[in-house]
Amino acid sequence: MPIGFEQALGAQQEALRVYQRRHQVLASNLANADTPGFKARDIDFKTALQQAGQSGDTQMQTTNARHMGGDMEGPGGEKLYRVPNQPSLDGNTVDPDLEMSSWAENVQRYQASLQFTSGRFSSMKHAITGQARG
Amino acid sequence: MTMFNVFDVAGSGMSAQSLRLNTTASNLANADSVSGDIETAYRSRHPHFQAVMDGFDNPDSVSVRVDNIVRSGAPVEARYQPEHPEADEEGYVYASNVNPVEEMVNMLSASRAYQNNIEVISTTREMMQRTLQMGQ
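The structure displayed is predicted, hence computed values, not measured ones.

## Focus on the overall build of chain B
So, point 1. Each helix and strand counted, chain B has 2 helices and 5 strands in total.
So, point 2. Traced from its N-terminal end to its C-terminal end, chain B shows the element sequence α-β-β-β-β-β-α.
So, point 3. The C-alpha atoms of chain B give 22 Å as radius of gyration, which overshoots the globular expectation for 136 residues (14 Å, by more than 25%).
So, point 4. Dimensions of chain B, computed from the C-alpha atoms along their principal axes, are close to 80 × 30 × 20 Å.

## Some remarks on the interface of chain B and chain A
So, point 1. Across the contact, 37 residues belong to chain B and 29 residues belong to chain A.
So, point 2. Carbon and sulfur atoms supply 59% of the area buried between chain B and chain A, which totals about 2,900 Å² over both sides.
So, point 3. The interface formed by chain B and chain A contains 3 salt bridges.
So, point 4. Taking the shortest distance from any N to any O, the salt bridge between A:D34 and B:R20 comes out at 2.9 Å.
So, point 5. If you look at where chain B meets chain A, you find 12 residue pairs in polar contact (both at pLDDT 80 or more).
So, point 6. Those elements that place two or more of their residues in the side of chain B that touches chain A are α1 (4-29), β2 (45-53), β3 (62-71) and α2 (100-132) of chain B.
So, point 7. Here the element with the most residues in the side of chain B that touches chain A is α2(B); it accounts for 12 residues.
So, point 8. Of the residues belonging to the side of chain B that touches chain A, the class tally is 14 nonpolar, 17 polar and 6 charged.

## Overview of the UniProt feature "domain: Flagellar basal body rod protein N-terminal" (unreviewed entry) in chain A
So, point 1. Those places that UniProt annotates as "domain: Flagellar basal body rod protein N-terminal" (unreviewed entry) correspond, in this numbering, to residues 12-39 of chain A.
So, point 2. Taken end to end, residues 12-39 of chain A is 71% helix and 0% strand, and its two terminal C-alpha atoms sit 30 Å from one another.

## Considering the packing of aromatic side chains
So, point 1. Following the criterion strictly, the structure yields 2 aromatic pairs over all chains and no others.
So, point 2. Centre to centre, the rings of B:F4 and B:F7 are 6.5 Å apart; their planes meet at 45 degrees, and the pair counts as tilted. Taken as a pair, B:F4 and B:F7 lie in helix α1 at a separation of 3 residues, close to a single helical turn.
So, point 3. Ring geometry for B:Y80 and B:Y92: centres 5.4 Å apart, planes at 65 degrees, overall edge-to-face. Within this pair, whereas B:Y80 is found in strand β4 (residues 77-80), its partner B:Y92 is found in strand β5 (residues 92-95), the two being separated by 12 residues in sequence.
So, point 4. Residue B:Y92 is classed as partly exposed on the basis of its relative accessible area of 30%.
So, point 5. Across the ring face of A:Y81, the terminal group of A:R41 is positioned such that the distance to the ring centre comes to 4.1 Å.

Calculation rules
Per-chain numbering applies: the sequence of each chain, read as written, is numbered from 1 onward. Naming scheme: in the order in which they are written, chains are lettered from A and ligands are numbered from 1. Where totals are concerned, whole chains, interfaces and linings use all residues; where local detail is concerned, this predicted model gives features only for residues with pLDDT of at least 70, and gives and counts side-chain atom pairs only at 80 or more. For side-chain calculations, the full set of non-hydrogen atoms in the structure is used, while hydrogens and water are omitted. Only DSSP runs of H or I reaching four residues or more are called helices, and only runs of E reaching two or more are called strands; each is numbered from the N terminus. Radius of gyration here uses only the C-alpha atoms, and the compact-globule reference equals 2.2 Å multiplied by the residue count raised to the power 0.38. Throughout, a contact is declared for two residues whenever any of their heavy atoms are within 4.5 Å. A simple way to read buried area is as the amount of 1.4 Å-probe accessible surface that goes missing from two parts once joined, with both sides added. Definition used for salt bridges: Asp or Glu carboxyl oxygen within 4 Å of a side-chain nitrogen of Lys or Arg. Counted as a polar contact is a pair of N or O atoms within 3.5 Å, where, for protein atoms, one must be capable of donating a hydrogen and the other of accepting one, and residues adjacent in sequence contribute only when both atoms are in side chains. Polar here means any residue outside two lists: the nonpolar Ala, Val, Leu, Ile, Met, Phe, Trp, Tyr, Cys and Pro, and the charged Asp, Glu, Lys and Arg; Gly therefore counts as polar. UniProt positions are given in the numbering used here, feature names are shortened, and annotations may be inferred rather than shown by experiment. Only rings of Phe, Tyr and Trp enter the pairing, Trp through its six-membered ring, and a pair is recorded when the two centres are within 6.5 Å. The plane angle decides the type: under 30 degrees is stacked, over 60 is edge-to-face, the rest tilted. Relative accessible area decides the class of each residue, using a 1.4 Å probe on protein chains only: under 20% of the type maximum gives buried, over 50% gives exposed, and in between gives partly exposed. Comment: the charge-over-ring label is applied if NZ (Lys) or CZ (Arg) is within 6 Å of the ring centre and within 35 degrees of the ring normal.

This is the structure we're talking about:
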């Protein structure tokens, strides 16, 4: 039986962070669907999750309030550039259909992960209060 | 919570697209305007978009902003209409260089992009709502 929230939630919380980050990246792609020269980006969930699990605290130490934080990559690795199916003349590589579908998929996965996490919390609550599941 | 940035990003997209819709409306409204002077003839306006990173702390969020509004350099059409009240001494009036087909395409593209951004905002709101209700 796991002790503590970290163990109880397992990889789900890392997954949620990666989904959240991907959500931001894909929303940025959609917002810039018509920006000339904008290159669509994405993160590879599998490697991102692996790195999120290993990296721990990647924050660089700053000694002055005006220093830039070192956590440039956020949870889980670097962003990759999408390879466009059909290059456009203005150099923009956002394909709105593709972005929308990746984004919808990411939202669903996030909600699934959230559902699992939520379930874990209810289980723990049941364990703490000692009530049988009804 | 990092997801708050998504509202800014999608909001910037919406505002940029609505400005594009606005310039498209101006262009279409002035498609048939004529002028007696080649300098003052209406030239179609198009916003120029630029990607802006929200800051070094958060490189994942890339908003969009309208850099400036560019006037089209396409040649204006000179029409020989000596009876026109605006005609110059040689009898020419100068029509706008608005291309209605191009403008209609811009209008559709802008409205679709606007809708996508709205979709992003409403779904993000729902996601956050569910996150807040976690474990209840």
